[in-house]
Amino acid sequence: MTCSSRARALLLVALAAGARAFNVPPRAPRIQTRPPPLASAPPAAVAPPAAAVAAPARATMNGGVFTFNKVVIDAVYGLICVLYPVTGGPRDFARFYVLETVARVPYFAYLSVRHLKETFGKRAPGDNYRMRTHYAEADNELHHLLIMEALGGNENGLDRALAQTMAFVYYWYVVVIYSVSEQAAYHLSELIEDHAYSTYDKYLREHEAALRAAPVPPIAKKYYEDDNPFLFDLFCTVSDTAALSQTAEGDGGVELGSECPRQRPTLRSLYDVFVNVRDDEREHWKTLCNLVQFDNMEGAGGVVRSTQPSPHE
Ligand SMILES: [Fe+2]
Ligand SMILES: [Fe+2]
């Protein structure tokens, strides 16, 4: 055996040992299968009676982690509110640019960690579906960002520097948290998405006339109307029909009474664009609530609610 072939053999042995060290036994399979479309749903005669189907237990968050996550997210969001108050002027798009730059980071962080675990053989049934959904969410957030850039939100170098610095730090923070506890990392994003929904909802209510008078950016038309809807449909994991005008705060549970998937919108003005951005944030929030509470992306509990802290023992 030559020197180089011996070195290659040693390297292969070391890599195999390293991979074995990370190769933990597979977890129990999750209930992770997407519901079939209506056309292929089983006939009612074979469906179990509703009373016989036990609702899955809704998990709560450890009180300390819940409070810590809330303090972190409320502090960051509060800082953005101070630096970028909503006024109805062009600086509002800078605020949304900063928010979208940071808010899309977690989905890429989830993918990074899952990809690495996958490399080391730590796989479970349904992982590929979850990774595809997180990619679709990242793609959706990217298009929010592109819309804010098209509206001039990234014109100022200081705004770009702040947003990109926050995104860089937050990416690594989420990578660490997600590696340790997926539930805690998903809860962080649940809180962010709730803030994002509220921000856009308030903006729509307070500046409707100006938004209705403004044109649709071409990138919004391309994403919401022209592109193949596959990725759009993929991130809408929890079906409902009545939830979109409700708030996600307070006791604002979302009743899941229909299997109608969300339809892609028709855009007539910038108002419709922001309605869809807001509703996308609601979709993200619903998926995250289910991931935190059921380790599942669909409407497992029949109602989507904000995660609650565990009661003191
Ligand atoms: Fe967004
Ligand atoms: Fe979002």
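Residues numbered from 1 in each chain as written. Chains lettered and ligands numbered in written order. Predicted model: local features only at pLDDT ≥ 70, side-chain atom pairs only at ≥ 80, totals over all residues.

Participant: Any chance you could break down the overall build of the chain for me, citing the residues and the numbers?
Facilitator: Looking only at helices and strands, one finds 11 helices and 2 strands in the chain. The order of α-helices and β-strands along the chain, N terminus first, is α-α-α-α-α-α-α-α-α-α-β-α-β. Counting all 313 residues of the chain, 31% fall into the buried class. (Helix = DSSP H or I, 4+ residues; strand = E, 2+ residues; numbered from the N terminus. Buried ≥ 20, exposed ≤ 12 C-beta atoms within 10 Å, placed from the backbone.)

Participant: Outline the environment of leucine 116, supporting the account with residue identities and numerical values.
Facilitator: Structurally, the position occupied by leucine 116 is in helix α4 (residues 105–119). Classification of leucine 116 as partly exposed rests on a count of 13 C-beta atoms within 10 Å. The sequence separation of leucine 116 and serine 179 amounts to 63 residues, and the corresponding C-alpha distance is 10.0 Å.

Participant: Break down the nonpolar core for me, with residues and values.
Facilitator: Tyr97, Val98, Val102, Met148 and Val174 are the most contacted members of the largest nonpolar core, which totals 47 residues. When contributions to this core are tallied by element, the ones reaching two or more residues are α3 (91–103), α4, α5 (127–150), α6 (157–180), α7 (182–206), α9 (218–226) and α11 (270–294). Examining the composition of this core, we find that 9 residues originate from one element, α11, more than from any other. (Core = buried A, V, L, I, M, F, W, Y, C linked by C-beta atoms within 7 Å.)

Participant: Lay out the environment of phenylalanine 232 in plain terms, naming residues and giving numbers.
Facilitator: With respect to the element layout, phenylalanine 232 can be found in helix α10 (residues 230–235). When the C-alpha atoms of phenylalanine 232 and alanine 136 are compared, they prove to be 6.8 Å apart, with 96 residues separating the residues in sequence.

Participant: Would you mind going over the confidence of the model for the chain in detail, with residue names and values included?
Facilitator: The share of residues in the chain with pLDDT of 70 or more is 74%, and the mean pLDDT across the chain is 80. Every residue in residues 241–250 is under pLDDT 50, and counting partners more than four places away or in other chains gives 20 contacts. (pLDDT = per-residue confidence, 0-100. Contact = placed C-beta atoms within 7 Å.)

Participant: Which residues make up unusual backbone geometry, and what values go with them?
Facilitator: Of note, the phi angle at aspartate 295 is positive, near 50°, even though the residue is not glycine. Of note, aspartate 295 is situated in the loop between α11 and β2 (303–304). By the C-beta count within 10 Å, which is 19 here, aspartate 295 ends up partly exposed.

Participant: Describe the packing of α6 against α7, naming the residues involved and giving the relevant values.
Facilitator: It is at 5 Å that the axes of α6 and α7 come closest, and there the two elements cross at 140°. Between α6 and α7, the angle is such that the two are oblique. Listed contacts from α7 to Val174, Ile177 and Tyr178 of α6 are Glu182, Ala184, Ala185 and Leu188. Looking at side-chain class alone, the contact of α6 with α7 contains 6 nonpolar, no polar and 1 charged residues. (Axes fitted to C-alpha atoms, helices over the stretch in contact; angles between N-to-C directions. Parallel < 35°, antiparallel > 145°, perpendicular 65-115°, else oblique. Nonpolar A, V, L, I, M, F, W, Y, C, P; charged D, E, K, R; others polar.)

Participant: Tell me about the packing of α4 against α6, and please be specific about residues and values.
Facilitator: Look at α4 against α6: their axes get within 9 Å of each other, and the N-to-C directions meet at 45°. On the basis of their axis angle, the class for α4 and α6 is oblique. Relative to α6, α4 is oriented so that their crossing is right-handed. Between α4, through Val105, Pro106, Phe108, Ala109, Tyr110, Ser112 and Val113, and α6, the contact on the second element is made entirely by Ala167, Tyr170, Tyr171, Val174, Val175, Tyr178 and Ser179. (Left-handed = near helix turned anticlockwise from the far one by under 90°.)

Participant: Give me the environment of leucine 151: which residues, what numbers.
Facilitator: Note that leucine 151 resides in the loop between α5 and α6. Discounting residues that sit within four places of it in the chain, leucine 151 has contacts with Phe93 and Pro217.

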